[in-house]
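Inside the fold
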Amino acid sequence: MYAVIKTGGKQYKVAKNDVIVVERLPGEAGATVQLDAVLMVGDDKGQTVGAPLVAGAHVAATVLEQTRGDKIIVFKKKRRKNYRRTAGHRQDLTALRITDIVTGGKKAAKAAAEEKKPVPKAEAPKAAEKKAAAKAEAKKAKPAAETQDVIDAASDMPAAAAAPKKAPAKKAEAKPAAKKAEAKKAAAKKPAAKKAAAKPAAKKAAAKPAAKKAAAKPAAAKKAPAKKAAAKKPAAKKKD
């Protein structure tokens, strides 16, 4: 079986146990890499072409080493512009060994083998864990014993001493209520007193303009006769 995969912008035709060199992929030597971009899968019976990828197919590979490619010279030039640039480049590469080609959503052979392995039994708890559990149980038992002692002590006490005194609490609650009622009455009296004090003030204010008008009228009356008396008499005609 073979497959056509895509990685690093390039396509590679691979089969099991092939070694290919692709552009840098993350992972140290010995790590497992899964390539999901499978464009086509084929064998002696036929081929399956993806649109664009084959559903449920992937290629498993193991990282052999992280390396670099050969050095290349990059030269740039623009004629009649006196532009020349020279640079070198070495591409980072990863060497892979193809371990398995999975199709139809089937699991890789290694993963299936790991699943078939028997699950190890849980180890017996250590002595330290047992001690910690015993301490936790002892702590839980102590509060229960203390509550039982309190109940026993309460049962030994006389009924009069054990009963709570509710009367003082009621009296204490009654006092604030009485104080609130007195405060409300005092607040009600204050507005009434203010209104009573406001009425005489209003009457006085109304009386003042009337008094001013009355005082102004006699003054006007006195001034009028004075003007008439001051009028000049016509001059007597001269005799010829």
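**Comments concerning the overall build of the chain**
On a plain count of helices and strands, the chain comes out with four helices and 10 strands. Listing each helix as α and each strand as β along the chain from the N terminus yields β-β-β-β-β-β-β-β-β-β-α-α-α-α. The burial tally for the chain puts 15% of its 240 residues in the buried class. Here the contacts in the chain between residues at least 6 apart in sequence split such that 62% fall between residues at least 24 apart.

**Thoughts on the pattern of salt bridges**
In total, this model carries three salt bridges according to the counting rule given. The residue Glu-23 makes a salt bridge to Lys-10 at a minimum N-O spacing of 2.5 Å. In this pair, Glu-23 is assigned in strand β3 (residues 19-23) and Lys-10 in strand β2 (residues 10-15), connecting sequence segments 13 residues apart. Notably, a salt bridge pairs Arg-24 with Asp-92, separated by 3.9 Å at the nearest N-O pair. With a gap of 68 residues between them, Arg-24 in the loop between β3 and β4 (32-35) and Asp-92 in strand β10 (residues 92-102) connect regions that are remote in the sequence. Residue Asp-92 is classed as partly exposed on the basis of its relative accessible area of 32%. Connected via shared salt-bridge partners are Arg-24, Arg-68 and Asp-92.

**Observations concerning the environment of Gly-50**
Mapped onto the elements, Gly-50 comes out in the loop between β6 (47-49) and β7 (58-68). Separated by 13 residues in sequence, Gly-50 and Ala-37 place their C-alpha atoms 9.8 Å apart.

**Structural notes on the side chain of Thr-62**
Inspection of the secondary structure puts Thr-62 in strand β7. With relative accessibility at 17%, the residue Thr-62 sits in the buried group. Setting aside its immediate chain neighbours within four residues, Thr-62 contacts Gly-30, Ala-31, Ala-95, Leu-96, Arg-97 and Thr-99.

**Some details on the sheet that holds β3**
Spatial ordering of the open sheet is given by β3-β10-β7-β4, a layout of four strands whose pairing is antiparallel. Each edge of the open sheet carries a strand with a single partner, namely β3 and β4. Here the strands of the sheet are splayed against their neighbours by 45° on average, with no regard to which way each runs. The pairing of β7 with β10 spans 10 bridges and is classified as antiparallel. Each residue of the ladder has a partner; that of Thr-67, found in β10, is Leu-93.

**Thoughts on the pairing of β2**
Inspection of the sheet shows strand β1 (residues 2-7) paired to β2 by six bridges, in the antiparallel sense. Looking across to β2, one finds that Ala-3 is bridged to Val-14. Counting the residues that bridge the hairpin from β1 to β2 gives two residues, and of these Gly-8 lies at a positive phi of roughly 65°.

So, how was this worked out
- Residues numbered from 1 in each chain as written.
- Predicted model: local features only at pLDDT ≥ 70, side-chain atom pairs only at ≥ 80, totals over all residues.
- Heavy atoms only, no water.
- Helix = DSSP H or I, 4+ residues; strand = E, 2+ residues; numbered from the N terminus.
- Buried < 20%, exposed > 50% of the residue type's maximum accessible area, 1.4 Å probe, protein only.
- Contact = heavy atoms within 4.5 Å.
- Salt bridge = Lys/Arg side-chain N within 4 Å of Asp/Glu carboxyl O.
- Pairing = 2+ DSSP bridges.
- Axes fitted to C-alpha atoms, helices over the stretch in contact; angles between N-to-C directions.

The values reported here are purely geometric and, on their own, carry no functional implication.
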